[in-house]
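Descriptive structure summary
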Amino acid sequence: SLAAGAPHPETLDAWELAVRKVYEQHVLRLQKQMLIADSKALEMGLNVQDFRDQIQRQEEEKQDLSDQVSSTKKELDSLREDMEATRKNYDGQLGMLTEHICALSARLSEKDASLASLQAKKVLCGRCGMWNTMGKLLAEPGAGTCQTCKEKVLSTD
């Protein structure tokens, strides 16, 4: 009986010893398999923890990258708005400058026409009776003198 303790090998029959040996070998094999299974389970547990840590790091990196993308998009939108405002301002200033140049050009054309009209006017020389154009009377050399008699017709002072 088992309650009396382990039987002594001398008291057992040969077939009992053979059965006992088979069971002992089977128990040893099961113990080895258990150790191997425990070792594999521990290794897998460590791998699972490593994978969890890796996933956590990747999730954090993903969130950081997402935040960077969002920040970059906001900055890009802001820059586009600034660029659009600058372009509109530039276009407005360019339009005003164009209008100003056109107005100056028109005034310059009026002045040119007025000057041409003035230079075409004729002044009578009191000495020789010759008509002199204002353009020639105002021109250097001989400013203010008659082209024919060289008498002073117009004072340029």
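Below or above, wherever it landed, is the structure these notes cover.

Each value, and the rule that gives it
- Residues numbered from 1 in each chain as written.
- Predicted model: local features only at pLDDT ≥ 70, side-chain atom pairs only at ≥ 80, totals over all residues.
- Heavy atoms only, no water.
- Helix = DSSP H or I, 4+ residues; strand = E, 2+ residues; numbered from the N terminus.
- Buried < 20%, exposed > 50% of the residue type's maximum accessible area, 1.4 Å probe, protein only.
- Polar contact = N/O pair within 3.5 Å; in protein donor to acceptor, adjacent residues only side chain to side chain.
- Contact = heavy atoms within 4.5 Å.
- Patch = residues over 30% accessible without salt bridge, like charges linked within 9 Å, V, L, I, M, F, W, Y side chains within 5 Å.
- Areas by Shrake-Rupley, 256 points an atom, 1.4 Å probe, with all protein chains shown as cover.
- Salt bridge = Lys/Arg side-chain N within 4 Å of Asp/Glu carboxyl O.

Let's shift gears to the side chain of asparagine 132. Along the chain, asparagine 132 turns up in strand 2 (residues 131–133). Residue asparagine 132 is classed as buried on the basis of its relative accessible area, which comes to 2%. Engagement of the side chain of asparagine 132 in a polar contact is seen with the backbone oxygen of methionine 130, the distance being 3.5 Å. Within the structure, the side chain of asparagine 132 is placed 3.0 Å from the backbone nitrogen of glutamine 147, a separation counted as a polar contact. When near neighbours in sequence (up to four residues on either side) are disregarded, asparagine 132 contacts Lys121, Lys122, Val123, Cys125, Leu137, Cys146, Gln147 and Val153.

The next point concerns a nonpolar patch on the surface. Where nonpolar side chains cluster on the molecular surface, the patch consists of Tyr90, Leu94, Leu97 and Ile101 and spans about 400 Å² of accessible area. Here leucine 97 is to be found in helix 1 (residues 14–120). Taking the relative accessible area as the measure of exposure, leucine 97 reaches 46% and is therefore partly exposed.

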